[in-house]
Amino acid sequence: MTGNPEDEEPPRIETAPLSEAAFTLLVQGVLDYGIFMLDPQGNVISWNAGAARIKGYSAAEIVGRHFSVFYPTEDKVSGKPQWELETAVAEGRLEDEGWRIRKDGSRFWANVVITALWDDEGRLRGFGKVTRDMSEQRAAQHALSERRRLFDHLVQAQETERRRIAWDVHDDSIQAMVAVGMRLQLLAERVPEACSAELESLDTTVRAAISRLRNLTFRLHPPGIDRHGLVDALANHLADVVGPWEMTYSFEHHLDREPTPETATTIFRIVQEALLNVHKHARATTVALRVHSADRGILTQVIDDGTGEPMSKDGLHDHFGIIEMRERAETAAGWWSMRSDSGKGTTVEFWVPNPEAMPSSPAPASSPLPSPSPGGPS
């Protein structure tokens with residue numbers, strides 16, 4: 001039976017070994033890496049086009065000079081160039097990242113590999129040195145770190161302001177409303193029965209307002225993240241908030257490690273908004289929350305069995321909750337998506353990176369808000 005010609009592997013072609021001249025041509029033509037040789041004392045004895053591009057010297061200008069010319073003054077004073085050669089001899093190779101100097105005196109961030117070269121009799125013949133300009137990558141990494149630092153500060157500032165507002169509502173508005181409710185109860189006992197019913201109606205209205213304010217403080221500063229971590233905070237939120245909605249819920253989670261407080265807060269806020277959208281718009285009977293480590297970050301899904309709510313195609317007519325969720329995820333250098341199937345439900349899915357905690361100065365201590373379940377006693 002004859003197979004498909006497209007599936008047949010082409011015959012292997014015998015080729016002659018790469019000649020020394022061809023290999024030299026290959027090395028000389030590489031532009032992204034500086035590839036050159038040093039003699040046993042560290043003097044430059046070969047130079048390729050990549051080294052000329054990165055360091056600015058032509059072969060005629062640099063061959064015969066000691067490679068320490070590429071190092072900043074502080075490294076030369078400390079003896080770093082000689083130490084690198086000695087380390088390469090002792091260990092076979094050395095890899096380093098640090099500042100190097102171009103011909104014009106400017107600095108660039110380099111990744112350097114030095115390999116000791118030995119002949120068949122075990123004598124040191126020199127060193128192979130490969131240099132790569134990592135300045136752009138380092139700048140990008142610094143920009144990412146700075147963005148992460150600013151994001152952390154933004155989240156901290158938002159949560160601090162939320163905490164302050166929650167405290168103000170709890171200590172001022174709620175307490176004032178509680179006092180009004182107590183006054184109404186006292187008055188109801190003293191006025192004629194005809195007026196008592198009206199006062200009881202007012203008292204019911206006040207109690208409902210207090211309950212709504214307590215729910216507001218709970219949403220502004222939910223308890224648990226700071227003290228118990230993300231998983232416990234989400235589990236408590238499902239039990240305290242979703243449970244009373246008479247909606248069946250499930251929670252799956254597997255985290256390699258606890259996220260930073262800022263990352264945990266971002267995840268919690270997006271989940272909080274997604275669940276609120278399910279309650280308001282989906283007419284769902286079940287909702288599933290899944291939180292898993294993935295791709296050096298955390299992937300979260302909120303899945304309901306509701307009516308399915310299509311997003312606007314251009315993103316311009318999405319309601320505020322959708323915009324807020326997307327912006328929170330993207331501000332954290334992650335992504336967010338929502339897909340709906342009419343009559344079968346909606347899945348909100350987002351991923352945010354889970355970086356190692358950045359060192360920071362200790363935050364001022366703050367008293368936690370009282371943490372009753374929404375609508376509970378003050």
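Structure shown above.
On a predicted model such as this, the values are computed, not experimentally measured, just so you know. (Residues numbered from 1 in each chain as written. Predicted model: local features only at pLDDT ≥ 70, side-chain atom pairs only at ≥ 80, totals over all residues. Heavy atoms only, no water.)

### Description of the overall build of the chain
Item 1. The helix and strand inventory of the chain stands at 11 helices and nine strands.
Item 2. For the chain, with 378 residues in total, the buried portion stands at 38%.
Item 3. Of the accessible surface of the chain, which amounts to about 22,500 Å², a share of 54% is contributed by carbon and sulfur atoms. (Helix = DSSP H or I, 4+ residues; strand = E, 2+ residues; numbered from the N terminus. Buried < 20%, exposed > 50% of the residue type's maximum accessible area, 1.4 Å probe, protein only. Areas by Shrake-Rupley, 256 points an atom, 1.4 Å probe, with all protein chains shown as cover.)

### Topic: the environment of Ser 211
Item 1. Tracing the sequence through the fold places Ser 211 in helix α7 (residues 193–220).
Item 2. For Ser 211, a relative accessible area of 25% gives the class partly exposed.

### With respect to the nonpolar core
The nonpolar side chains of soluble globular proteins are, as a tendency, buried together.
Item 1. Within the largest apolar cluster, 35 residues are counted, with the highest numbers of intra-cluster contacts made by Leu 230, Val 271, Val 302, Trp 336 and Phe 350.
Item 2. Of all the elements, helix α10 (residues 261–282) adds the most residues to this core, at nine residues.
Item 3. Setting aside chain neighbours within four positions, we find Phe 350 in contact with Ile 267, Ile 270, Val 271, Ile 298, Leu 299, Thr 300, Ala 329, Trp 335 and Trp 336.
Item 4. Leu 38, Tyr 57, Ala 110 and Ala 116 belong to the second largest nonpolar core, which has 21 residues in total. (Core = buried A, V, L, I, M, F, W, Y, C linked by side-chain atoms within 4.5 Å. Contact = heavy atoms within 4.5 Å.)

### Describing the side chain of Arg 328
Item 1. Locating Arg 328 in the fold gives a position in helix α11 (residues 320–331).
Item 2. With a relative accessible area of 13%, Arg 328 lands in the buried category.
Item 3. Those residues in contact with Arg 328 that sit more than four places away from it in its chain are Gln 158, Arg 162, Thr 266, Arg 269 and Ile 270.

### Some details on the sheet that holds strand β5 (residues 248–254)
Item 1. One open sheet holds the five strands; their spatial order is β5-β6-β7-β9-β8, and the pairing between them is mixed. Here the strands that pair on one side only, and so sit at the sheet edges, are β5 and β8 (335–341). Averaged over all adjacent pairs, the angle separating strand axes in this sheet is 10°, with direction ignored.
Item 2. Relative to strand β9 (residues 345–353), β8 is paired through seven bridges, and the arrangement is antiparallel. Across the sheet, residue Ser 340 finds its bridge partner in β9, namely Thr 346.
Item 3. Its contacts with the sheet put helix α9 (residues 230–242) on β5 and β6 (286–294), and the angle it makes with β5 is roughly 180°.
Item 4. Strands in contact with α10 are β6, β7 (297–304), β8 and β9; relative to β7, the strand with the most contacts, it is inclined by about 10°. (Pairing = 2+ DSSP bridges. Axes fitted to C-alpha atoms, helices over the stretch in contact; angles between N-to-C directions.)

### Examining the packing of aromatic side chains
Item 1. Counted according to the given criterion, the structure contains six aromatic pairs.
Item 2. Measuring from ring centre to ring centre gives 6.0 Å for Tyr 57 and Phe 70, while their planes differ by 65°; the resulting arrangement is edge-to-face. Here Tyr 57, found in the loop between α2 (49–55) and α3 (59–62), pairs with Phe 70, found in the loop between α3 and α4 (73–78); they are 13 residues apart in sequence, far enough to count as distant.
Item 3. Overall, Phe 70 belongs to the buried group, its relative accessible area being 0%.
Item 4. A ring pair is formed by Trp 99 and Trp 109, whose centres lie 5.0 Å apart and whose planes are at 85°; its orientation type is edge-to-face. Of this pair, Trp 99 sits in strand β2 (residues 93–101) while Trp 109 sits in strand β3 (residues 107–118), and the two are 10 residues apart along the sequence.
Item 5. Put simply, the rings of Phe 36, Trp 47, Tyr 57 and Phe 70 pair up and form one aromatic cluster.
Item 6. Above the face of the Phe 70 ring, Lys 55 is positioned so that its terminal group lies 4.1 Å from the ring centre. (Phe/Tyr/Trp six-rings, centres within 6.5 Å; stacked < 30°, edge-to-face > 60°. Lys NZ or Arg CZ within 6 Å of the ring centre and 35° of its normal.)

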